[in-house]
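Remarks on the overall topology
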Amino acid sequence: MYSNSQIHNYQASTQQFLQMLTNTEAVLPKVEDLRSVLRFHEHRYYVLSEPLINDEDYDKLYKLLEAVEKAHPEIITKDSPTQRVGTSLNSGFETVQHLVPMLSLENSYNSDDLLDWDRKVKELCGLDNIEYCVEPKFDGASISLIYEHDMLVRAATRGDGVAGDDITNNIKQIRSIPLSANFSQYGIQQIEIRGEVVMTKAAFDTYNEGLVAQGLSPLANPRNAASGSLRMKDPKEVARRNLEAFLYHVSYYANSQLSIVHDSAAKTDSEILLLGGVGASHSGALQLLWNLGFRSPQKEKKVVLGIEAVIQYVNEFEALRDTLPYEIDGMVIKVNDVALQDKLGMTTHHPRWAIAFKFKARQATTKLRGIEFQVGRTGAVTPVAKLDPVQVGGVTVSSISVHNEEYIKEKDLQINDTVVIERAGDVIPQIVKSLPELRDGLQTPIVFVKECPSCNQPLIKDEAEAVWRCVNGNCTEQLMLAIIHFVSKDAMDIKSFGEANVRRFYKMGLLADIPSVYTLDFDKLSNQKGIGAKSIDNLKDAIEASKIQPLHRLIYGLGIRFVGENTAKVLANYVSNIFEFASKTEEDLQLLDDVGVKVAKSIYEYFSNNKNTAMLRQLEGLGLQLVNTKKDAIAEGGLAGQTFLFTGTLNKLKRNDAEALAEQQGGKIVSGVSSKLNYLVVGDDAGSKLEKAKKINTIKIISEDEFLALVNTNKQA
Ligand code: IVH
């Protein structure tokens, strides 16, 4: 895909741009190079899954591009990587006609079905053997993309197959879909590509956890989650859902005159090339899409001769099903030769040249024997069904969360019921339904507890929620879970602590709340079985190291309701010091990215609770860093709106650090002396810039020390 020298060049440019982060003016003439570098890294990450840069550096380059474009809006191009982020909400979706109807596929369920289909295909083609392309049947939401003059101009859902919803803004959030692609090199001016948007199993699980935490019912499968996501009003919300897209079919294209030519009409070399090079094959079209940067099933597909080989590959792939990061519900078998596809044609419902092979649903039946209630970190009490152990999709399942009271009612569950279970999203098993017709008189209704299973205090049900909650601030289980969350990998990352140790130390009376993590009595630990001097040292070091974790980790670790890792980052960036939240109103907080009404309320309530501020003061006293050392204070810094230029050799600061200091307080670095410059900071041996600046009255010429004084004064202000 990329030659070594191309990779080398991209990597070299990456490093160059990383050196230019504070110098947007110097980047300006190279802005298109910067865009290609970003596109290169997006493609490596989202399409090839072989990233060559870490997220942090990628973000820096992305912000650099944003800064350059912000300073010079006239240079923004429609396919700039920054143009994915939708600014306005979708106000309903316009219905758009598909240029060619989006047909469905005929289904097959076993090898006999496939043999029958192959017989028909051979008969209609008048051939003894057929070349097939076999690829996964992605379980998501189908989409159609239209590119005109190399630019993505429209994306639509399948709808009823004839017309769908225009979801262009939302589709632009999916980073594996290029905003532009070089079709014009083949003389193609308009092209329609079909594919599937999927949500990965991991993203689906995270999404469902979020729903359940809010007392909502989880979605049944990643397919529903993907199609729901495509209809979100807010494109930013779509971006957060981590969707991916596979493109598997070119349905038509038009050349020079923009007249629509159905793919069967391929005649010229470029048209044949588009459809797959010599012989115009489906696999060639997949290759071509791949070459142009699309995520086609290039690696997953296999071209085989004859139906026996198809059956073999389908079985091989089914065995891999559980190891894939996304859901597939079968395989699609396509006649590979496009000329034969045309010969076979289609019915009103499906093409005759393709068939879906559906995998067996991974379901099983078992008995529901009882319900156990668990209290979570936020006090929500979750019922967990205890089952007779049963195998589904390769794993043994013996308990399944049934979420809340509503869910139990909806699924009509009783103790001793026979239930159908399924591994939705392949990861978390769910109860699909009960089988009331198999009831034998031994069933008893599920009675929801009214008291906390940990502290026995009465549960409270919020009118707006489906969840019963324990609101006892001293509930042992909740306190332990709060500490477990605080020390966890994504929060303060206190290695060698872990859930088991938290529970153990808590029961020994060594832990009581979050601050007690920092006052742990190591002497008492040293007498304990299985805890050696080495582990105590490790624990000490890890606890000590956590004191300087970045602020966003601490905010996330506090376990404020609805504040996930992303929101924690936004919040950390918003303040210089955690105590500033005490003076923020709900309205202030709602202005932040990622913070809606509900989240703002929760944050506001957390910081207006004296108990919480007292705890934070306690943490501060114990030596934790509660300030944002890397605050990105562009808009509100004391130097906002002021421009700076450094010239000559600085003695105390490196040039980059000096520029960063000015920027941290909202200052902007410019590259040349003009009337727009506010401060020229002069080091040793300053030359022509100083001379030029002296001629412009409005420029303040200051020394390095004066600059430092200025920065410090503003910091205190
Ligand atoms: S080919 C005319 N290939 O399955 C071509 N479809 O049940 C029609 N699907 O509507 C589609 N993976 O949304 C094709 N590799 C694949 C597919 C695929 C998933 C979906 C597609 C279609 C549905 C039919």
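Residues numbered from 1 in each chain as written. Predicted model: local features only at pLDDT ≥ 70, side-chain atom pairs only at ≥ 80, totals over all residues. Heavy atoms only, no water.

So, on to the overall build of the protein chain. Along its length, the protein chain carries 26 helices and 25 strands. Its C-alpha atoms give the protein chain principal-axis dimensions of about 90 × 80 × 50 Å. In the protein chain, 66% of the contacts between residues at least 6 apart in sequence involve partners at least 24 apart. When the accessible surface of the protein chain is split by element, carbon and sulfur atoms take 50% of a total near 33,700 Å². Seen as two clouds, the 80 positive and the 93 negative side-chain charges of the protein chain have centres 3 Å apart. (Helix = DSSP H or I, 4+ residues; strand = E, 2+ residues; numbered from the N terminus. Contact = heavy atoms within 4.5 Å. Areas by Shrake-Rupley, 256 points an atom, 1.4 Å probe, with all protein chains shown as cover. Lys, Arg positive; Asp, Glu negative; His and termini not counted. Charge placed at Lys NZ, Arg CZ, Asp CG, Glu CD.)

Moving on, we get to the site of the ligand. Taken together, 13 residues sit near the ligand, with Glu135, Pro136, Phe138, Glu196 and Lys334 positioned nearest. Residue Ser142 places a side-chain N or O atom 3.3 Å away from an oxygen atom belonging to the ligand. Burial of the ligand by the protein chains amounts to 89% of its free accessible area of 530 Å². In terms of residue count, the dominant contributor to the shell around the ligand is strand S3 (residues 131-138) (four residues). When the residues that make up the shell around the ligand are grouped by side-chain class, the tally is eight nonpolar, one polar and four charged. (Near = heavy atom within 4 Å. Polar contact = N/O pair within 3.5 Å; in protein donor to acceptor, adjacent residues only side chain to side chain. Nonpolar A, V, L, I, M, F, W, Y, C, P; charged D, E, K, R; others polar.)

Here the structure, examined in full by the defined rule, presents 24 aromatic pairs. Geometrically, the ring pair formed by Phe644 and Phe707 is edge-to-face, given 5.8 Å between the ring centres and 75° between the ring planes. Here Phe644, found in strand S22 (residues 643-647), pairs with Phe707, found in helix H26 (residues 704-716); they are 63 residues apart in sequence, far enough to count as distant. Of the residues examined, Phe644 reaches a relative accessible area of 0% and is grouped as buried. The positively charged end of Lys450 is found above the aromatic ring belonging to Trp468, 4.8 Å away from the centroid. Just above the ring of Phe522 sits the side chain of Lys540; from NZ or CZ to the centre is 5.3 Å. (Phe/Tyr/Trp six-rings, centres within 6.5 Å; stacked < 30°, edge-to-face > 60°. Buried < 20%, exposed > 50% of the residue type's maximum accessible area, 1.4 Å probe, protein only. Lys NZ or Arg CZ within 6 Å of the ring centre and 35° of its normal.)

In the structure shown here, the tally under the stated rule is 33 salt bridges. Put simply, Lys652 and Asp705 hold a salt bridge, and the shortest N to O gap is 2.6 Å. With a gap of 53 residues between them, Lys652 in the loop between S22 and helix H24 (655-664) and Asp705 in helix H26 connect regions that are remote in the sequence. In this structure, a network of salt bridges that share partners links the residues Glu32, Arg35, Arg39, Glu69 and Asp79. (Salt bridge = Lys/Arg side-chain N within 4 Å of Asp/Glu carboxyl O.)

For the rest of this paragraph, the subject is the sheet that holds strand S10 (residues 302-305). Strands in a sheet are paired, the pairing made by backbone hydrogen bonds, and the direction either parallel or antiparallel. Ordered by their spatial adjacency, five strands build an open sheet running S2-S12-S11-S3-S10, and the pairing between neighbours is mixed. On the outer flanks of this sheet lie strand S2 (106-108) and S10, each paired with one strand and no other. Taking each pair of neighbouring strands and ignoring which way they run, the sheet shows an average axis angle of 30°. Relative to strand S12 (residues 354-358), strand S11 (residues 328-335) runs antiparallel, the two being bridged by five bridges. Within S12, the position partnered with Lys334 by the bridge is Ala354. Each of S3, S10 and S11 is contacted by helix H11 (residues 282-291), which is oriented at about 50° to S3, the strand it contacts most. (Pairing = 2+ DSSP bridges. Axes fitted to C-alpha atoms, helices over the stretch in contact; angles between N-to-C directions.)

Inside soluble globular proteins, nonpolar side chains tend to come together where they are buried. Grouped together as the largest cluster of nonpolar side chains are 54 residues, with contacts concentrated most on Phe497, Leu520, Leu554, Ile555 and Ile578. In terms of residues, this core owes the most to one element, helix H15 (residues 476-487), which gives six residues. If you look at the next biggest cluster of nonpolar residues, it comprises 34 residues, including Ile177, Ala181, Met199 and Met232. (Core = buried A, V, L, I, M, F, W, Y, C linked by side-chain atoms within 4.5 Å.)

Phi angles above zero are rare outside glycine, and His149 is one such case at about 45°. Structurally, His149 can be placed in the loop between strand S4 (141-148) and strand S5 (151-157). The residue Asp150 is not glycine, and still its phi comes out positive at about 75°. Inspection of the secondary structure assignment puts Asp150 in the loop between S4 and S5.

The subject of this paragraph is helix H7 (residues 201-213). The α-helix winds at 3.6 residues per turn, so residues separated by three or four positions along the chain end up facing the same way. Its 13 residues place the ends of H7 18 Å apart at the C-alpha level, agreeing with the 18 Å of an ideal helix rising 1.5 Å per residue. For H7, every residue scored as buried is listed here: Lys201, Ala203, Phe204, Asp205, Asn208 and Leu211. (Expected span 1.5 Å × (residues − 1).)

A rise of 1.5 Å per residue sets the reference length of helix H22 (residues 597-608), with its 12 residues, at 16 Å; its end C-alpha atoms lie 16 Å apart and thus fit the reference within 8%. Regarding H22, the residues found buried are Val599, Ala600, Ser602, Ile603, Tyr606 and Phe607. Seen along its axis, H22 keeps its buried residues to an arc of 165°; they face one direction. On its buried side, H22 packs onto helix H20 (565-574), helix H21 (586-590) and helix H23 (610-621). (Arc of directions from axis to C-beta.)

Along the chain, Ala280 turns up in the loop between helix H10 (269-274) and H11. Taking relative accessible area as the criterion, Ala280 reaches 10% and is therefore assigned buried. Spatially, the C-alpha atom of Ala280 lies 23 Å from that of Glu196, the residues being 84 residues apart in sequence.

This part takes up the sheet that holds strand S25 (residues 700-703). Strand order in the open sheet formed by four strands is S23-S22-S24-S25, and the pairing between neighbours is parallel. Edge positions in the sheet fall to strand S23 (668-669) and S25, since each of these pairs with one other strand and no more. Judged from the four bridges that link them, strand S24 (residues 679-682) and S25 form a sheet pairing that is parallel. Bridge assignment links Tyr679 to a residue of S25, and that residue is Lys700. Packed onto the sheet, H24 meets S22 and S23 and runs at close to 165° relative to S22.

Moving on, we come to the confidence of the model for the protein chain. Of all residues in the protein chain, 93% attain a pLDDT of 70 or more, and the chain-wide mean is 88. Predicted confidence is poor over residues 256-273, with pLDDT under 50, and the contacts of this stretch with residues over four places away or in other chains come to 39 contacts. (pLDDT = per-residue confidence, 0-100.)

With that out of the way, let us pick up the packing of helix H1 (residues 4-18) against helix H4 (residues 55-71). Two elements in contact, H1 and H4, have axes whose closest approach is 10 Å; the angle formed by their N-to-C orientations is 65°. Relative to H4, the element H1 lies roughly perpendicular. Crossing handedness for the pair H1 and H4: left-handed. Here Thr14, Phe17 and Leu18 of H1 lie close against H4, whose contacting residues are Asp57, Lys60, Leu61 and Leu64. Of the residues contributing to the contact of H1 with H4, the split by class is four nonpolar, one polar and two charged. (Parallel < 35°, antiparallel > 145°, perpendicular 65-115°, else oblique. Left-handed = near helix turned anticlockwise from the far one by under 90°.)

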